[in-house]
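# Analysis of the macromolecular model
These are the residues of each chain, in order.
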Amino acid sequence: MAYQDFQAFLRDLEAHGELVRISAPVSPYLEIAEVADRVMKSPGGGKALLFEQPAGYGMPVAINTMGSRRRISMALGVGDIEDLAAEIADLAKPEIPTGWRERLRLLPKLQRLAAVPPRTVSSAPCQEVVLQGPDVDLTRLPILTCWPQDGGPFVTLPLVFTHDPATGKRNVGMYRMQVYDRHTTGMHWQLHKSGAEHHRQSRQAGRRIEIAVALGGDPACTFAAIAPLPPGIDEMLFAGFVRRKPVEMVRCKSVDLSVPAEAEMVLEGYVDPDETRPEGPFGDHTGFYTPIEDYPVFHVTTLTRRRSPVYPATIVGRPPMEDGWMGKAVERVFLPLIKLVAPDIVDMHLPVHGCFHNVALVSIRKRYPGHAFKVMNTLWGLGQLMFTKVILVFDDDVDVQNLDEALWRFANNIDPERDMQVTRGPIDVLDHASRQVGYGSKIGFDCTRKLAAEGYGRVWPEAIAMSAEVRSRIDDLWPSLGLDAGGR
Ligand SMILES: Cc1cc2nc3c(=O)[nH]c(=O)nc-3n(C[C@H](O)[C@H](O)[C@H](O)COP(=O)(O)O)c2cc1C
């Protein structure tokens, strides 16, 4: 089911008991973050929160709206994120119909794809109010200061729209924005991201790059902004696929870009080719502060909004946080596409502790000597998985979603010298341990059973397990043993 807009999503969350309204005045300066952090860290991710009266501001703030398995699934219009993953797996199957029956079977798939392209509309809720030039005042928005040492307030859920200067193709990425004053912010597109690439190209041409930043809209659009799509694949096309309905786009008022018509608010403006300004510190996804670094400056020339908008926010910090659930959805939804290039992969788990880019646990159907190393190298060559610092590869009988099991196998199955591979390459810009920003080393461990052809001359032992017969006998006996139910 597609949500018309962000407020429709909030209403649905409330109807399903997934949203708590907070009417007490709570300050966007650290206080909302402290409440949200406690809620996000409660079992399962807590509830979404709607701060109806952020102290000192007339605009409500919604936070943690995607911060549980159920809510991220609702955001993507499915009962569970695995349902969307299954649909993508089905679509990714190459099927060439050979008869009319098979053609008929393909029809639903084609219908699903027909809904994908965005549609342009001429008037839009996100432009009910238009503020330009001196009337733009970002300091009047309830933008959160998240952590005590943050350099200022940060817009944390922005959908940043740019066009590739060479091809004209659209990109939408989520890049945080530090508010400097009434109409300028930082633009934290990291070195490897598409927005930064567009900026590099426009700098080379000596031209400023136009930008539009949307806040809100169907949460499928927000998810599309964080999705690691290959450059050139339109995020709004992907959002249309997820929501089974085209995203309605409207032309911006002052820049040559279009944005989702149903957004809560849109900031239009530009980044000059050579202007930078210190950005940060910022309490980041990793749970540590990222230090001050120079980033481009976004000049906001026009602000358009609904008459009564809700400001969408998140906070990041020491995991688990709301972004952990967004990352989980990315992991599940993109696995079928990863399997297209690496069909030997059975499952993958990017644990929240590793902030998604640090650790990947992968299970494979091992078929030949060195297979685990081949899979590591595939992953290090694949989109944003290139950032993965540690890859552990297991056999397909290991449940990589179960960290206890995976660590047990890892610890017992490796001869470190033989089973590790160290390599070098791009590292996530947020990584504070690498030798320099964005570049460092990675390690992979082959935690699979070793083959004779891999130089293993001993007999690989069986993992201990009770026989099925005895287990079933004890299951029957259990209630009479006076022990608690947990042992069953
Ligand atoms: C809450 C949140 C905040 C993010 N902030 C940033 C950021 O400040 N800079 C950045 O480069 N990536 C950030 N990301 C990750 C990017 O949005 C993500 O890598 C996305 O795929 C980038 O899109 P692109 O490939 O079109 O550049 C953030 C992700 C989330 C979930």
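Residues numbered from 1 in each chain as written. Predicted model: local features only at pLDDT ≥ 70, side-chain atom pairs only at ≥ 80, totals over all residues.

### Here we look at the overall build of the protein chain
Counting its regular elements, the protein chain contains 13 helices and 23 strands. Against the 2.2 N^0.38 benchmark of 23 Å for 488 residues, the protein chain shows a C-alpha radius of gyration of 24 Å, consistent with a compact globule. For the protein chain, the residues scored as buried account for 42% of the 488 residues in total. When contacts within the protein chain are restricted to residue pairs at least 6 apart in sequence, long-range pairs at least 24 apart make up 68% of them. (Helix = DSSP H or I, 4+ residues; strand = E, 2+ residues; numbered from the N terminus. Rg over C-alpha atoms; globule rule 2.2 N^0.38 Å. Buried ≥ 20, exposed ≤ 12 C-beta atoms within 10 Å, placed from the backbone. Contact = placed C-beta atoms within 7 Å.)

### Describing the environment of Phe 241
On the secondary structure map, Phe 241 appears in helix H8 (residues 235-243). Separated by 153 residues in the primary sequence, Phe 241 and Phe 394 place their C-alpha atoms 33 Å from one another.

### Concerning the domain arrangement of the protein chain
The assigned domain composition of the protein chain is domain 1 (72-313) and domain 2 (322-454). For domain 1 and domain 2, the distance between their C-alpha centroids amounts to 28 Å. Each partner contributes residues to the interface: domain 1 has 22 residues there, and domain 2 has 21 residues. Residue assignment for the side of domain 1 that touches domain 2 shows that the elements contributing at least two residues are helix H4 (81-92) and helix H7 (219-226). (Domains from an automatic or database assignment.)

### Re the site of the ligand
Close contacts around the ligand come from 20 residues, with Gly 173, Met 174, Arg 176, Gln 190 and Lys 193 the closest. If you list the elements that add at least two residues to the shell around the ligand, you get strand E8 (170-173), helix H6 (194-204) and helix H9 (322-341). Residue-level mapping places the shell around the ligand at the junction of two domains, with at least three residues from each of domain 1 (72-313) and domain 2 (322-454). (Near = placed C-beta within 6 Å.)

### Considering the environment of Leu 50
Here Leu 50 shows up in strand E2 (residues 48-51). Taking the C-beta count within 10 Å as the criterion, Leu 50 has 21 such neighbours and is therefore assigned buried. The spatial distance from the C-alpha of Leu 50 to the C-alpha of Leu 10 is 8.5 Å, given a sequence separation of 40 residues. The contacts of Leu 50, once residues within four sequence positions are left out, are Leu 10, Leu 19, Arg 21, Ile 22, Pro 60 and Ala 62.

### Some thoughts on the sheet that holds strand E12 (residues 248-251)
Pairing is mixed in the open sheet, where 3 strands are placed in the order E4-E12-E13. The open sheet is flanked by strand E4 (119-121) and strand E13 (258-260), the only strands paired with a single partner. The average angle at which neighbouring strand axes cross in this sheet is 45°, direction not considered. When E12 meets E13, the two strands line up antiparallel, connected through 3 bridges. (Pairing = 2+ DSSP bridges. Axes fitted to C-alpha atoms, helices over the stretch in contact; angles between N-to-C directions.)

### Thoughts on unusual backbone geometry
Note the cis peptide between Gly 280 and Pro 281, where omega equals -10°. A cis amide bond links Pro 319 with the next residue in sequence, Pro 320, at an omega value of 5°. As for its position among the elements, Pro 320 is in the loop between strand E18 (311-313) and H9. Positioned with a positive phi, Leu 30 is a non-glycine residue whose angle comes to about 70°. On the basis of neighbour counts, which here come to 15 C-beta atoms within 10 Å, the residue Leu 30 falls in the partly exposed class. Phi is positive for Arg 244, close to 60°, though the residue is something other than glycine.

### Comments concerning the pairing of strand E14 (residues 265-279)
Of the strand pairs in this sheet, strand E11 (residues 209-215) and E14 are connected by 7 bridges, and their pairing is antiparallel. Bridge pairing in E14 links Ala 212 to Glu 268. Alignment of E14 against strand E17 (residues 293-305), held across 11 bridges, turns out to be antiparallel. Each residue of the ladder has a partner; that of Met 265, found in E17, is Arg 305.

### Section: the sheet that holds strand E1 (residues 19-22)
Judged by pairing direction, the sheet is mixed, and its 4 strands sit side by side in the order E1-E2-E3-E18 without closing on themselves. The sheet is open, and its two edges are formed by E1 and E18, each paired on a single side. Taking the axes of each pair of neighbouring strands and ignoring which way they run, one obtains an average angle of 20° across the sheet. Both E1 and E2 contribute to a ladder of 4 bridges, which runs parallel. Note on E2: the bridge partner recorded for Arg 21 is Leu 50. On top of the sheet, helix H1 (residues 6-15) reaches E1, E2, strand E3 (61-63) and E18; it is set at about 105° to E1, its chief contact.

### Here's the deal with the packing of H7 against H8
Interhelical geometry of H7 versus H8 gives an angle of 135° and a closest axis separation of 8 Å. Classified by the interaxial angle, the pair formed by H7 and H8 is oblique. Both H7 and H8 take part in a crossing whose hand is right-handed. For the pair H7 and H8, the contacting residues are Ala 220, Cys 221, Phe 223, Ala 224 and Ala 225 in the first and Glu 235, Met 236, Phe 238, Ala 239, Val 242 and Arg 243 in the second. Broken down by class, the residue content of the contact of H7 with H8 amounts to 9 nonpolar, no polar and 2 charged. (Parallel < 35°, antiparallel > 145°, perpendicular 65-115°, else oblique. Left-handed = near helix turned anticlockwise from the far one by under 90°. Nonpolar A, V, L, I, M, F, W, Y, C, P; charged D, E, K, R; others polar.)

### As for the environment of His 183
Along the chain, His 183 turns up in the loop between strand E9 (177-178) and strand E10 (184-186). His 183 sits 84 residues away from Leu 267 along the chain, and the two C-alpha atoms are 9.5 Å apart.

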